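Spelled out from the first residue to the last, the chains are:
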Amino acid sequence: MSYKRLVIGGVACIGLIIISLSIVFGFKYLVGHNKWIGLVIGILLMIVGILIYQLGKMHTFFYWLAFVFNMMGIGLSITAYYVFKAFDLAREDFLTAIFVSMSLLIGFGVITFIPFFKRHLKWVISIVIFISFITSLILWLSVDTFTGLSFYYLNVIYFFMVGIIASTDSFKGLSKEMAWVSFGAFFLVSIIVLIILSEGEALSGMDFGPIDGASLKKRRK
């Protein structure tokens with residue numbers, strides 16, 4: 001498919017926007033309930049996505065609908081982390097995370113046109129993902145101004161990179177592939193959130209008590 005990279009790039013950008021809007025929604029409407037509700041609803045949306053995915057054999061529309069549900073689920077899962085850390089994200093944080101993530105995807109897409117790299121795509125994608133993951137993680141842990149949102153978004157983008165090098169010969173195949181990408185991204189991001197929240201104070205914080213939305217404040221950690 002000659003237009004595959006363009007479609008994946010556009011879908012990835014839309015996916016990140018859906019995630020961002022879901023995070024904003026989570027901060028606005030779910031904070032007053034409890035700190036875990038974002039993750040719980042995110043999992044429920046993913047389950048709905050699985051059910052909708054089964055209808056994809058009838059029409060490709062359902063693959064894309066499953067994609068949307070999973071992206072919303074990812075956003076709400078990420079919300080659970082920032083709500084727990086009492087870290088309110090600004091518009092600049094979202095724009096930066098989207099820019100960094102899309103830049104990596106576009107850069108990788110360009111590289112796949114180069115004959116030398118094209119012959120070693122599996123090695124190239126492995127090295128790029130490894131370097132990106134380690135670099136973004138180090139920045140998140142060591143730089144006070146780094147919110148970590150780019151780290152989460154990059155973990156979503158890695159699956160779109162895999163989609164670029166996967167063999168797809170039809171639009172329906174690509175639609176199914178993007179649905180799988182969204183499932184993979186949801187599982188990875190949610191596992192990361194659970195691992196982080198399961199450390200230290202998170203274990204004692206699972207009281208499912210309400211959170212005062214006004215208490216959320218920006219703090220870098």
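Everything below is about the structure printed above this text.
All residue numbers here refer to positions counted from 1 along the written sequence of the relevant chain. Only residues with pLDDT of 70 or above have their local features reported here, since the model is predicted, and side-chain atom pairs are shown and tallied only from 80 upward, although totals for entire chains, interfaces and linings are computed over all residues. To get the side-chain values, take all heavy atoms of the structure and skip hydrogens and water.

Q: Describe in detail the overall build of the protein, supporting the description with residues and values.
A: Strands here are runs of E lasting at least two residues and helices are runs of H or I lasting at least four, both read from the DSSP assignment and numbered beginning at the N terminus. Along its length, the protein carries nine helices and zero strands. Listed N to C, the secondary structure of the protein is α-α-α-α-α-α-α-α-α in terms of helices and strands. Between buried and exposed lies partly exposed: a residue is buried under 20% and exposed over 50% of the maximum accessible area for its type, with that area taken using a 1.4 Å probe on protein chains only. Considering the protein as a whole, with its 221 residues, one finds that 49% of them fall into the buried category. Taking contacts inside the protein between residues at least 6 apart in sequence as the whole, the part at least 24 apart equals 84%. Areas reported here follow the Shrake-Rupley algorithm with a probe of radius 1.4 Å; residue values treat only the protein chains shown as occluding. Accessible surface for the protein amounts to roughly 11300 Å². Of this, 73% is attributable to carbon and sulfur atoms. Whether two residues are in contact is decided by their heavy atoms, any of which lying within 4.5 Å being enough.

Q: Could you give an account of the packing of helix H4 (residues 91-111) against helix H6 (residues 121-142), with specific residues and numbers?
A: Each pair of packed helices gets described by two things: the angle between the helix axes and the distance between those axes. Closest axis-to-axis distance for the H4/H6 pair is 12 Å, and the angle between their directions is 160°. As summarised for this structure, H4 and H6 are arranged roughly antiparallel, according to the angle between their axes. Where H4 crosses over H6, the two elements pack in a sense that is right-handed. Contacts between H4 and H6 involve Leu104, Phe108 and Ile111 from the first element and Val124, Ile125, Val128 and Ser132 from the second. By the convention adopted, Pro, Cys, Tyr, Trp, Phe, Met, Ile, Leu, Val and Ala count as nonpolar, Lys, Arg, Asp and Glu as charged, and the other residues, Gly among them, as polar. When its residues are assigned to classes, the contact of H4 with H6 shows six nonpolar, one polar and no charged. Note on definitions: angles span 0 to 180 degrees between N-to-C directions of axes, and those axes are lines fitted to C-alpha atoms, for helices only across the stretch in contact. Here is the rule for angles: anything less than 35 degrees is roughly parallel, anything more than 145 is roughly antiparallel, 65 through 115 is roughly perpendicular, and the remaining ranges are oblique. Crossing handedness is defined as follows: a turn of the near helix away from the far one that is anticlockwise and smaller than a right angle gives a left-handed crossing, while the clockwise case is right-handed.

Q: Which residues make up the packing of aromatic side chains, and what are the values?
A: Only rings of Phe, Tyr and Trp enter the pairing, Trp through its six-membered ring, and a pair is recorded when the two centres are within 6.5 Å. The plane angle decides the type: under 30 degrees is stacked, over 60 is edge-to-face, the rest tilted. Following the criterion strictly, the structure yields 18 aromatic pairs and no others. Taking 4.9 Å as the distance between ring centres and 80° as the angle between the ring planes, the aromatic pair formed by tyrosine 81 and tyrosine 82 counts as edge-to-face. A network of ring pairs unites the aromatic residues Tyr81, Tyr82, Phe133, Trp140, Phe151 and Tyr152 as a single cluster. In this scheme, Lys NZ or Arg CZ marks a charge over a ring once it lies within 6 Å of the ring centre and within 35 degrees of the ring normal. Just above the ring of phenylalanine 113 sits the side chain of arginine 5; from NZ or CZ to the centre is 4.2 Å.

Q: Tell me about the side chain of serine 175, and name the residues and values.
A: Among the secondary structure elements, serine 175 is positioned in helix H8 (residues 171-197). With a relative accessible area of 0%, serine 175 lands in the buried category. Of note is the side chain of serine 175, whose polar atom sits 2.8 Å from the backbone oxygen of phenylalanine 171. Any pair of N or O atoms that falls within 3.5 Å is considered a polar contact. Within protein, one atom must be able to donate a hydrogen and the other to accept it, and sequence-neighbouring residues count only if both atoms are side-chain atoms.

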